[in-house]
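Structural description and commentary
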Amino acid sequence: MTRSTNSLQYQIEKKLISIVGWSLSLMALAVLIIAIVSLYIYRVNKLEHVQELVITKVGTEVSGTIRDTTALAESSLLWTALTDSSGREAYLEPLLKKINQSTIHKIELLDYRGRPVIHSHSVDMNNPKVQQLITQSVQTSQSRYAIETTESGQSTLLTTLVVNAPFVDTPLGFLLISFDLNKLIETMGLPQDVTVDLSTQEKLSSSPKQGLWIQQTKADFLVSGRSQSLALQISVRQSALYSLFVITSCFVLMLLAGGVLLHKLRKWSLAFARTTTARLNALLEQARDIVAGKEVTIAKDSQQDEISLLFLSLQQILSAQQLLNKQLSTFSRIFDNAAEAIMVTDMNGHILDVNPALLKMTGHTKSHLLGQQSGMLYRDIHQSPAGETISQSLISQTVDRVGEWRGETYFKDVQGRLIPVMLSASRLRSENGQNLGNVALFSDISPLKKAEIQLRELSYNDQLTGLPNYRAFVDHITPLFTHPDKDFSCALIFIDLDNLKMINDKYGHEEGDLAITKLSEHLTACLPAGTFLCRRSGDEFIALIQDTQHIPNLVRNLRQLVHTFTLDAGISEPRLIHTSFSAGAATYPGDAQELNGLLTAADMALRVAKETGRSQLVWYSKNIQARAQRLNTIHEKLMHALKHGLIVPYYQPCVELATGRIIGFEALARWTDAELGAMSPEEFIAIAEQTNLINAVTVTILNKVMADKPFINARFKDATIAVNISPHFFVKQEITTFFANHLERDVDCLDGIVLELTESELSQSPQSIQLHMQLQMLIGMGLKLAIDDFGKGYSSLSRLGSLPFHKLKIDRDFVRDIEDQANQKIVKSIIALGTSLGLEIIAEGVETELQREELISNGCRLAQGYLFSKALPLVDILKLEHIIASHQPD
């Protein structure tokens, strides 16, 4: 088969070999030239280096020897030897023998006529060159130099030195020095093929030897003597035959290697050409089969080269085509079986295709929908009166602008009913970005809409009472205050059920929830029509009355609303509960100009209603605002006072009524502020309880009492000290931890300490079991317990008897009106009750002699009050006598 010169196989077999052959030849020639030039430069540099070494060595050796010999020539030893011949052999022979030990230079001593004084035979005196040099020195009376080179190449440097004496003008003799330059150069260890020649200046013009030599000369080499210098010429030569042999051998080896390489390359190119063309022919046949649509299975190519990549690319194209067919089949099944409705439209909004889910949702048939405008199916719920279709609406404009739109809309079924759907519309584009139309997906969200309505009802309505909750109240009232006009008036009432905690503790939380429900029904029935009533939280309600044109009538009706009412709250059994509620009211725009101010004003009014007796309606006023500001001021200053220890105990004596003897003290908290002056304990203690600072006040007083106790007991032995304790201090067992820490430091520090708890606070404590356990622990530590202000609370006799108290204090209100017969009976009953329980009875607030006498007559033994002493600081207490005479207070 004849192959074309343009075929791939011919290119590889012929042209590739030709190109490689010429390339190798040119490369070998270039390498040869570079090698010759490089070798030449290298050898020249080497010879220059050898030359410098020889110059240095010869110069150093010759100059040094001449200096030493010159010193010998100027010595008196030689003067004596040359002028006195008797016995000079005895000291000259050893001297010359020592000097001539060197193999490089030899020295002979001559007289003034050039004759040897001592025959050492170190220098050949018969040598014509030596005789000529000696003759010249004798004739000229000067030092002379000469180089003798034999036919065998031996070079000798000859020099004479004049021996002069200071007492004569003519030379006394000469020193003849012979330098063997060949031996000197041999000591340098130069290569054997390197030859060094030295000659005098007279021979500078003589031609060096020619041939296969590389030489180097230098004309300014000087050897210095005493009277003159000798110019020498140096010549260094080296044979180039070895270098030529090396270059020739390398060139031959390179030619052989090139030939072998060319042979192997030709062999490889032939095999590669046949294999490559066969693979490409197979690839071409498979590509033709793919174009023809035949089923082709492409085997994996193992060569892993560019042709393999072509095979791989062809396989990827085939796989991509097969995958595309599968995807089209899958997409068709997804389109037909999707739960969401799908609709495809063209660029003009005409329906091209819909899936079965859309037909099921709307009730339409596919033949009826194809070709129709998509707007016939769905419309925006806020569509214009003209009934624009969605393809002409803002949704379509959004798809045109950004390529997609998501949101809620409404479908119309075949009967015209609206179906809420979630719509996702997207633009369909070709690979080059051409607009092909739109695709829309619809999900029926009817169940979600129903759930939203139910969730809204749950989130805006109170589940217990059915009233709107606080969130609904905020959504209702906020638009009124954010409206630009705000041309309205209203009354806002905060309502709070009294004693809900007592109902929960006594009857249970289910009864409490029922009470809240009954109260909501009561308020709904009694409040004016149109009132917005909501439950805020717990037992709190808010009423918004917008019709406030007749404020006086409204105030009168609302005051009647808060009177005590009876709730039928029985769950397990019929039960009537008598209770009341407190309310605080404020008006807009009379009391506040914005919503937050109105809420704050109503809340402040409610707080005043609860703090001043409950079961009442209090309207906001400037006095309430001033009171709130004072409470905030006292709260801030109270925190400052606690931080800086400004709250201190004052001690009021407790005495025997009959004798006036002091038997103990009650520690009372006192505080004097630099700005507000002396603060009323009732005022700042109440604020401390409301702001959760009462425990801090209690700890401050207790710490100071524990510090003052040693001083009081030193003055009044066995005197007790009573301290008022809030029930809040029993929460988390803080009180037991406090006294346990003190007891660890001093086991006797708690002796004589009495803790007072009010009867009203005990009656409101729900954790009676825990309280009883803590009281027992305190007694075990050595503390005593007292009930303070007895008679004002509602403690049952069983509860009183079960608590481990030691003392009972009669409230000052009963002592103040003890002249009244009814109060006398109460006081007598309290004393009898306490005595029967084994309690020590103490009367509080005794201010007159009549009160003192009545208490003694009724069996009360101990008392405290202004009749004996007011509360005093520690420094004044320590000045009191042990017995206090009674006196009327100022």
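Since the structure is predicted, the reported quantities are computational estimates derived from the model, not experimental observations.

On to the overall build of the chain, then. On a plain count of helices and strands, the chain comes out with 27 helices and 29 strands. Relative to its full complement of 890 residues, the chain shows a buried share of 42%. Counting contacts in the chain only where the partners sit at least 6 residues apart, residues at least 24 apart contribute 61% of the total. As displayed, the chain has an accessible area near 49400 Å², and 54% of this comes from carbon and sulfur atoms.

Glancing now at the nonpolar core. The nonpolar side chains of a soluble globular protein tend to be buried, and buried together. Formed by 73 residues in total, the largest nonpolar core has its most connected members in Ile647, Tyr651, Phe739, Leu755, Leu778, Ile810 and Leu855. Here the element with the most residues in this core is helix α19 (residues 694-715); it accounts for 7 residues. If sequence neighbours within four positions are ignored, Ile810 has contacts with Phe790, Val815, Val827, Ile830, Ile831, Ile841, Ile842, Ala843 and Glu844. Grouped together as the second largest cluster of nonpolar side chains are 40 residues, Val54, Ile118, Leu161 and Leu232 included.

Mean pLDDT over the chain: 80, with 82% of residues reaching 70 or higher. Looking at the elements of the chain, mean pLDDT is at its lowest for strand β6 (residues 213-224), recorded as 58, and at its highest for strand β21 (residues 647-656), recorded as 96. With pLDDT under 50 throughout, residues 380-392 is counted as low confidence; its partners more than four residues away or in other chains account for 17 contacts.

Let us now look at the pairing of strand β14 (residues 490-497). Of all the 8 residues making up β14, 8 are buried; the element is thus mostly covered by neighbouring parts of the structure. Across the two faces of β14 the burial is the same, with Cys490, Leu492, Phe494 and Asp496 and Ala491, Ile493, Ile495 and Leu497 all buried. Bridging between β14 and strand β19 (residues 581-588) involves 8 bridges; their strand directions are antiparallel. Counted as the bridge partner of Ile495 is Ala583 from β19. In the sheet, β14 pairs with strand β16 (residues 540-545) via 6 bridges, with the strands oriented antiparallel. Bridged to Phe494 within β16 is Ile542.

Moving on, we come to empty space enclosed by the protein. By the definition in use, this model includes 4 cavities of 30 Å³ or more. Taken together, 14 residues form the lining of the largest cavity, with Cys654, Phe665, Ala722, Lys807 and Ile842 sitting closest to its centre. Of all the secondary-structure elements, those providing two or more residues to the lining of the largest cavity are β22 (662-673), β24 (720-724), β25 (753-758) and β27 (807-810). Here the lining of the largest cavity takes 4 residues from β22, the largest share from any one element. Residues of the lining of the largest cavity, tallied by class, amount to 7 nonpolar, 3 polar and 4 charged.

Evaluation of the coordinates by the stated rule reveals 9 aromatic pairs. Both rings, one in Phe481 and one in Phe488, keep their centres 5.4 Å apart while their planes meet at 85°; by these two values the pair is edge-to-face. Under the relative-accessibility criterion, Phe481 is labelled buried at 9%. With a centroid separation of 5.3 Å and 65° between ring planes, the pair formed by Phe665 and Phe716 is classed as edge-to-face. Here Phe665, found in strand β22, pairs with Phe716, found in the loop between α19 and β24; they are 51 residues apart in sequence, far enough to count as distant. Relative accessible area serves as the criterion here: at 2%, Phe665 is assigned to the buried category. The class of Phe716 is buried, set by a relative accessible area of 1%. Grouped by ring-pair contacts, the aromatic residues Tyr470, Phe473 and Phe532 constitute a single cluster. In this arrangement the basic side chain of Arg715 is found over the ring face of Phe716, its NZ or CZ atom lying 5.3 Å from the centre.

Cut-offs applied
- Residues numbered from 1 in each chain as written.
- Predicted model: local features only at pLDDT ≥ 70, side-chain atom pairs only at ≥ 80, totals over all residues.
- Heavy atoms only, no water.
- Helix = DSSP H or I, 4+ residues; strand = E, 2+ residues; numbered from the N terminus.
- Buried < 20%, exposed > 50% of the residue type's maximum accessible area, 1.4 Å probe, protein only.
- Contact = heavy atoms within 4.5 Å.
- Areas by Shrake-Rupley, 256 points an atom, 1.4 Å probe, with all protein chains shown as cover.
- Core = buried A, V, L, I, M, F, W, Y, C linked by side-chain atoms within 4.5 Å.
- pLDDT = per-residue confidence, 0-100.
- Pairing = 2+ DSSP bridges.
- 1 Å grid on protein atoms, 1.4 Å probe; cavity = no way out; pocket = protein on both sides within 12 Å on 5 of 7 lines; lining within 4 Å.
- Points joined across faces, edges and corners; volume = space filled by probe spheres on them.
- Nonpolar A, V, L, I, M, F, W, Y, C, P; charged D, E, K, R; others polar.
- Phe/Tyr/Trp six-rings, centres within 6.5 Å; stacked < 30°, edge-to-face > 60°.
- Lys NZ or Arg CZ within 6 Å of the ring centre and 35° of its normal.

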